[in-house]
Amino acid sequence: MTALHERPDPQHGADAPTPPSGSAPADTSEAPAALSERIGVPRFDAVSVTVLFLAFAYLIPARYTFSPIGAAGRAGVLLGLAMLFWWCVTRAVPSMAHRTGNPVRRAALIFFVVFLMAYAGGLARALPFLEANGMDRALLITASLVGVTLVVTDGVPDRGRLDHLLRRLVLLGSVMAAFGHIQFFLGTNLTENIRLPGMSLNREFFEVEARNAFTRVNATATHPIEFGVLMGMLLPLALHYALHPPSARARLPYWAMVGLIATAGPMSVSRSSVVAIGAGLLVVAMGWSRRQRRIALAISVPAVLAFSSAVPGLLGTIRGLFTSWNSDSSIQYRTNDYDLVFEFVAERPLFGRGPGTFLPSRYFVLDNQYLMTLVTTGIIGFLGLMLFAGTAALTAYRIRRRSTDPATRHLALALLGAFAAAAAASATYDSLALSYSIFSSVLFVLLGAVGALWRIEQPNLRPRHRRPRAPATP
């Protein structure tokens, strides 16, 4: 396996390595990467491993685990732990590690240290057996996710490979959206027919349920809410690669992916999906020019009308979810528990009750990730999570402001839109709960993608404008 960090791509502002004085020029055509591409051997690096991690998350239902390990024995979790070990090894070898500062890397490490402190705080109280198991499971899964972020941050070698990773992410999301369309129109979940050797079902499949006669789809996700939120997170990235395709021939396939993802989100028939889609598109549209907004509006209006005609009544059902919120029993069920939630927080305010210990089978469903973080990891853990997510969002915003390349600026904007979708939807369900593995996998890959984009594009970013110092008074 190669080192996490390779030399930057000369096309993106870094100087190519120069041969020693008096020696013949290096034959770059025989470099390992170029040679492997010339003879048709697939390139294997951090991007390849991360794509495999995403494929495990998207294509293997979260209910399948290696039974000796239990619920934490998902294929993606095990690969993420291996990636964390790989990253630690490269940090121990000076010639393999990238030593320059990276805000996303620092924030990820701070978040993990705070998580370990909350884990230690949970051990300080007498835990029932189920809660102790839940906390150990949360530790393994969080370590795996942080490992993925660190590998993506430090391991993506150049901009081309970063785009390759994100395009594969969109492609996997469109495959999931296609599964959702089949489930919506045929009323059957194809993932129920998946049988994986060596793995067993840790939980039963989510039963297809209806809302106002419409099937709520989940495809390979655990729940329709997770499916809809994922579509909202991926839509800004799909739009980016439709507007900035790798080639002219790829433009039409990426617009087809945009259509699949955009129409699959409402098929979850959930408020969270609408909130995620709206937040993501709002952030992306804020960065567009007036002409781009007019074109988008001109396209979206007939597209919505066509979708409404193809699926009569669906948009009206979704609108009713918002107009009847004051009489909706599900919303009242969530808000009625808030007083009890803050009692839990007051009992252990700093580091919480322990990550992964607030089990619905023992307590109740919170349906709010921010409250869940406060209860399980306390105020310190909540601030650590906000620092991690906020640093990534601020870094993407800085890239957007300081880059002169239109594609880079729009990619940073698309990543901001994905974060906005995730942040808005996290107020409506327990997004980082251990069962929602695809959401957390995609989120932590995107966090690492911002760190990689910052490192790769750093030489090309405009310097920050600083106010000139006032002359010293005599």
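Residues numbered from 1 in each chain as written. Predicted model: local features only at pLDDT ≥ 70, side-chain atom pairs only at ≥ 80, totals over all residues. Heavy atoms only, no water.

Engineer: Go over the confidence of the model for the protein chain, please, and point to the residues and values.
Structural biologist: Model confidence for the protein chain is summarised by a mean pLDDT of 83, while 79% of its residues fall at 70 or above. The secondary-structure element of the protein chain with the lowest mean pLDDT is helix H1 (residues 32-38), recorded at 43, while helix H15 (residues 406-425) shows the highest, at 96. When the criterion is pLDDT under 50, residues 6-41 qualifies, and its contacts beyond four places in sequence or with other chains add up to 29 contacts. (pLDDT = per-residue confidence, 0-100. Helix = DSSP H or I, 4+ residues; strand = E, 2+ residues; numbered from the N terminus. Contact = heavy atoms within 4.5 Å.)

Engineer: Lay out the packing of aromatic side chains in plain terms, naming residues and giving numbers.
Structural biologist: For the structure on display, the rule yields 13 aromatic pairs. Ring geometry for Phe184 and Phe185: centres 5.1 Å apart, planes at 90°, overall edge-to-face. Given a relative accessible area of 52%, Phe185 falls into the exposed group. Aromatic side chains Phe344 and Phe358 sit 5.4 Å apart centroid to centroid with 80° between the ring planes, which places their arrangement in the edge-to-face category. Here the residue Phe344 occupies a position in helix H13 (residues 338-347), and Phe358 occupies one in the loop between H13 and helix H14 (369-402), the gap between them amounting to 14 residues. The same class applies to Phe344 and to Phe358, which are both buried. Taken together through their ring pairs, the aromatic side chains of Phe344, Phe358, Tyr363 and Phe364 make up a single cluster. (Phe/Tyr/Trp six-rings, centres within 6.5 Å; stacked < 30°, edge-to-face > 60°. Buried < 20%, exposed > 50% of the residue type's maximum accessible area, 1.4 Å probe, protein only.)

Engineer: Describe in detail the packing of helix H2 (residues 46-59) against helix H6 (residues 159-186), supporting the description with residues and values.
Structural biologist: Between H2 and H6, whose axes approach to 10 Å, the crossing angle comes to 10°. Between H2 and H6, the crossing angle belongs to the class labelled roughly parallel. Where H2 crosses over H6, the two elements pack in a sense that is right-handed. Counted together, Val47, Ser48, Thr50, Val51, Leu54, Ala55, Tyr58 and Leu59 of H2 and Arg161, His164, Leu165, Arg168, Leu169, Leu172, Gly173, Val175 and Met176 of H6 form the full contact between these two elements. Within the contact of H2 with H6, the residues separate by chemical class into eleven nonpolar, four polar and two charged. (Axes fitted to C-alpha atoms, helices over the stretch in contact; angles between N-to-C directions. Parallel < 35°, antiparallel > 145°, perpendicular 65-115°, else oblique. Left-handed = near helix turned anticlockwise from the far one by under 90°. Nonpolar A, V, L, I, M, F, W, Y, C, P; charged D, E, K, R; others polar.)

Engineer: With reference to specific residues and values, describe the side chain of Arg402.
Structural biologist: Looking at the element boundaries, Arg402 is found in helix H14. Of the side chains bearing the opposite charge, Glu457 lies closest to the buried Arg402, which forms no salt bridge; the N-O distance is 11 Å. For Arg402, the side chain forms a polar contact with the main-chain oxygen of Arg462, separated by 2.7 Å. Not counting residues within four places of it along the chain, the set of residues in contact with Arg402 comprises Trp454, Gln458, Leu461, Arg462, Pro463 and Arg464. (Lys, Arg positive; Asp, Glu negative; His and termini not counted. Salt bridge = Lys/Arg side-chain N within 4 Å of Asp/Glu carboxyl O. Polar contact = N/O pair within 3.5 Å; in protein donor to acceptor, adjacent residues only side chain to side chain.)

Engineer: Tell me what's going on with the nonpolar core, and back it up with residues and numbers.
Structural biologist: Judged by nonpolar contacts, the single largest core of 99 residues is most densely connected at Tyr58, Leu169, Met176, Met233, Val442 and Leu446. Ranked by the residues each element gives to this core, the list is headed by helix H16 (residues 437-457), at 14 residues. Residues in contact with Tyr58, not counting those within four places in the same chain, are Leu169, Leu172, Gly173, Met176, Thr220, Leu230, Leu234, Ile438 and Val442. Within the second largest apolar cluster, ten residues are counted, among which are Phe344, Phe358, Phe364 and Leu371. (Core = buried A, V, L, I, M, F, W, Y, C linked by side-chain atoms within 4.5 Å.)

Engineer: An account of unusual backbone geometry is requested, with residue identities and associated values reported.
Structural biologist: Located in the positive-phi region is Ala219, a residue other than glycine, with phi close to 50°. Residues other than glycine seldom take positive phi values, yet Asp367 does so here, at roughly 55°. Structurally, the position occupied by Asp367 is in the loop between H13 and H14. The exposure class assigned to Asp367 is buried, which follows from its relative accessible area of 15%.

Engineer: Describe in detail helix H5 (residues 129-155), supporting the description with residues and values.
Structural biologist: Between its terminal C-alpha atoms H5 stretches 38 Å, which fits the 39 Å expected from 27 residues at 1.5 Å a residue. Among the 27 residues that make up H5, 20 are buried, leaving the element largely enclosed by the rest of the structure. (Expected span 1.5 Å × (residues − 1).)

Engineer: Pulling in residues and values, what's your account of the side chain of His181?
Structural biologist: Relative to the elements of secondary structure, His181 occurs in helix H6. Dropping the residues within four chain positions of it, His181 is found in contact with Leu260, Thr263, Ala264 and Met267.

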